[in-house]
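# Commentary on secondary and tertiary structure
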Amino acid sequence: MADLCSMPPEILAPAANETLELALGSQIALNCTVRWAAAEHCEPVPTWSKDGQWLGSESSQDTTWFAQNASERLLASILQLNLTHDADFGVFACWVSNATATFTLRRVEAAGHVPAVLAALLVLALLVLLAGLYVRCRLSVLLWYRNRYGELEINDGKLYDAYVSHATAPDDRKFVHFIVKPQLENRYGYKLFLDEQTILPNSEPSADLIMNVSRCRRLIVVLSVAYLEQDWCNSSFREGLWRLLELSKKPIFIVFESQYREIAHPAISLLKQHRSAVTLLVWRAGSMTPSSDFWKELCLALPRKVSFQGTMGDPQTQLQEDKDPMLILHSSYLDSGGDLHPDGDLGLRGCAFRSPPPPRIGGFGAPMASAAGTTEDTQLRDGQRPELDISDLGSRNYSARTDFYCLVTEDDI
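Residues numbered from 1 in each chain as written. Predicted model: local features only at pLDDT ≥ 70, side-chain atom pairs only at ≥ 80, totals over all residues. Heavy atoms only, no water.

### A closer look at the packing of helix α1 (residues 113-149) against helix α8 (residues 293-301)
Their axes nearest at 10 Å, the elements α1 and α8 cross at an angle of 30°. Classified by the angle between their axes, α1 and α8 sit roughly parallel to one another. Judged by the twist between their axes, the crossing of α1 over α8 is left-handed. Facing α1, whose interface residues are L139, S140, L142, L143 and R146, α8 presents D293, K296, E297, C299 and L300. (Axes fitted to C-alpha atoms, helices over the stretch in contact; angles between N-to-C directions. Helix = DSSP H or I, 4+ residues; strand = E, 2+ residues; numbered from the N terminus. Parallel < 35°, antiparallel > 145°, perpendicular 65-115°, else oblique. Left-handed = near helix turned anticlockwise from the far one by under 90°. Contact = heavy atoms within 4.5 Å.)

### Considerations on the nonpolar core
Among the nonpolar cores identified, the biggest contains 30 residues, and I199, L223, F237 and F253 are the most heavily contacted of them. Elements represented by at least two residues in this core include exactly β10 (160-165), α3 (207-214), β12 (216-222), α4 (225-228), α5 (231-247), β13 (252-256), α7 (266-273) and β14 (279-283). Here I199 is in contact with Y163, S165, L209, L219, Y227, Q230, W232 and L244, once residues within four sequence places are set aside. (Core = buried A, V, L, I, M, F, W, Y, C linked by side-chain atoms within 4.5 Å. Buried < 20%, exposed > 50% of the residue type's maximum accessible area, 1.4 Å probe, protein only.)

### Quick notes on the pairing of strand β3 (residues 27-37)
Along any regular strand, the residues point their side chains to alternate faces of the sheet. Here strand β1 (residues 10-13) runs beside β3; their pairing, made up of 3 bridges, is antiparallel. Looking at β3, one finds that I11 is bridged to V34. (Pairing = 2+ DSSP bridges.)

### Things to note about the environment of N17
Along the chain, the position of N17 falls in the loop between β1 and β2 (18-23). With relative accessibility at 60%, the residue N17 sits in the exposed group. Residues N17 and A93, 76 residues apart in the sequence, show an inter-C-alpha distance of 9.4 Å.

### Examining the sheet that holds strand β9 (residues 99-108)
An order of β2-β9-β8-β4-β5 is seen for the 5 strands of this open sheet, with the pairing classed as mixed. Two strands close off the open sheet at either side, each with one partner strand: β2 and β5 (53-54). Relative to strand β8 (residues 90-96), strand β4 (residues 46-50) runs antiparallel, the two sharing 5 bridges. Pairing of K50 across the sheet is with F92, part of β8.

### Side note on unusual backbone geometry
The bulk of non-glycine residues show a negative phi, and the bulk of peptide bonds are trans. Each neighbour pair has its own omega, and for A13 with P14 the value is 0°, a cis peptide bond. Examined against the element boundaries, P14 turns out to sit in the loop between β1 and β2. Unusually for a residue other than glycine, D51 sits at a positive phi of about 55°. Look at K250: it is not a glycine, yet its phi comes out positive at around 50°. Position of K250 relative to the elements: it lies in the loop between α5 and β13.

### Some words on the pattern of salt bridges
Counted according to the given criterion, the structure contains 12 salt bridges. Of the charged contacts in the structure, one is a salt bridge between K50 and D51, with a shortest N-O distance of 3.1 Å. Note on D51: relative accessible area 46%, which makes it partly exposed. When the shortest N-O distance is used, the salt bridge between E185 and K181 registers 2.9 Å. A residue pair is termed a helical-turn pair when its members lie 3 or 4 positions apart in one helix, as E185 and K181 do in helix α2 (residues 170-187) at 4 residues. (Salt bridge = Lys/Arg side-chain N within 4 Å of Asp/Glu carboxyl O.)

### A short note on the side chain of H166
On the secondary structure map, H166 appears in the loop between β10 and α2. For H166, the contacting residues outside a window of four places in its chain are D172, R173, V176, H177, D195, E196, V222 and Y227.

### Notes on the confidence of the model for the chain
Within the chain, residue pLDDT values average 76, and 72% of them lie at 70 or more. When the criterion is pLDDT under 50, residues 310-314 qualifies, and its contacts beyond four places in sequence or with other chains add up to 9 contacts. In this model residues 359-372 is a low-confidence stretch, pLDDT under 50, and it forms 5 contacts with partners more than four residues away in sequence or in other chains. (pLDDT = per-residue confidence, 0-100.)

### Quick notes on the pairing of β13
β13 sits mainly inside the fold: 5 of its 5 residues count as buried. With 3 bridges connecting them, β12 and β13 associate as parallel partners. Its bridge partner lying in β13, V222 is registered against I254. The pairing of β13 with β14 spans 5 bridges and is parallel. Considered in β14, the bridge of F256 is made with W283.

### Considerations on the sheet that holds strand β7 (residues 72-82)
Strand order in the open sheet formed by 4 strands is β1-β3-β7-β6, with antiparallel pairing between adjacent strands. Each edge of the sheet is formed by a strand with only one pairing partner; in this case those strands are β1 and β6 (60-66). Geometrically, the sheet is characterised by an average inter-axis angle of 20° between neighbouring strands, direction not taken into account. Examined bridge by bridge, β6 and β7 share 7 bridges and lie antiparallel to one another. The residue of β7 that forms the bridge with T64 is L75.

### Quick word on the environment of R218
Within the secondary structure layout, R218 lies in strand β12. Sequence spacing of R218 and K249 is 31 residues, and the spatial spacing of their C-alpha atoms is 6.3 Å. A polar contact of 2.8 Å, which involves the side chain of R218, links it to the side chain of E153. (Polar contact = N/O pair within 3.5 Å; in protein donor to acceptor, adjacent residues only side chain to side chain.)

### Some points on the state of the cysteines
Within this structure, the stated rule accounts for 1 disulfide. A disulfide bridge connects C32 with C94, and the sulfur atoms are separated by 2.4 Å. Judged by the sign of its S-S torsion, about -85°, the cystine formed by C32 and C94 is left-handed. With a gap of 62 residues between them, C32 in strand β3 and C94 in strand β8 connect regions that are remote in the sequence. Note on C94: relative accessible area 1%, which makes it buried. (Disulfide = S-S within 2.5 Å.)

What follows is the structure, encoded as C-alpha cells:
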C-alpha cells in the first residue's frame, strides 16, 4: 500500500454513512469517491470490507483522474454486489488512506402481488355492492327525498291529483277501478278523476276534456291495445301527443308487458323518442305487489302528497262528496268512548221507547195523571209495549256500531 497522505482525502460520496433497504435478488453498485490535493504526491489505494472482513482488491473497479484545475485529484471506487442470499447483506466499508465511508445494506420483503390482487377484488366487490344497492334502493331513496324536500303543489286550484283516461274494454276497466284507483287513493291518498271516453275526439281536445284536465295535476293514460284502436291513435297520434303535452305536465303512459312486446303501433316508438317529455311505465307480472318499482315510479311521477294531523281527508283535494265510510282511512269512527251505550240502539234503554211519566202533582187533575201512570205500568206488566218514539233517530250516535262489513284491510289502514 502506498504511503499515507499527510492530509486525509475528502470523501465526496457518500456524503454520510448511508443505509440502503433492498429486496432479495437486487443488484447494486456502491460508489466511493474521494478527493485530495495533487501536491501530496501520494497514491491512495481504496480497500473494501464487509462486516469487518477485508475483500479482495479485484472486487472493485477503481478510476483516478485530475480535476479541471489540475490541483486536485479524484478517485472513484465502484463495488458491484448481487444480493442473492441473506449473507450478501451487511455493513460495507470503503477505506481510502485514512478516510472511511460506510454502506449498510438491509433486506426488506418485496411487495407481492397477492395484497394488490386482494385489494383490487375488495374494491371491485364494494363497487358491485354499491351498484346493487343503487339499483335496488334508488327509487325508494328518490321517493323519500321527494316526499321530504320535494315541491308542494297546493293551493293551485286543482281538485284532483290525476286524470285517468282508459278504454271501455273490460280488462282496462278492471285494471283502473280495482287496481290503480284503490292503490293510489287508499294507500297513497291521491284523488283520481276517471274517464273512459275518447280523450281526443276528432284529434282535438273537447271543452269537457280541457275543463277536466285543468282541474287535475297530472294526466295518466292506460295505453292498452284497446286504447290504441281509437281513431285519434290510429290517424294522428303524433298530433294528439302534442295536444296532451300542452294540456298536462309530463303525461304518464302505462303499457302492459304482455302487450308491450306485441304492439307494433308507432305510438310506442314515438313515446320512446320523447322520454324526456313523458313518463312511460310498464306494468309487469310482479307489479301487483305494493312495494314494486311500478308504484314507486308512478308516485314519483305524481305530485308530492302532504297531510296534516287531525285533518280528515286530503287537504289538497278535499271534497264534500267523499263520505263513503268504506274509504275512510282513519279508525276513529270505531271509538265508542263517546257513546254511553256501546251496544248501539238495538238494546232497551229504559225510557227510550216511551215518554217519561207525567209529573204527579196534587190538586185538580191529580187523579187523572195517576190513572195514566197506572195504565202505562199495567201495559208494561202485561207485555204490551206502547208506540215507539222515533223522533230522536236523526240525532242518534251510530259511531259505535261495529257489526258491518268493511272492505278496507288493516294494511290499507
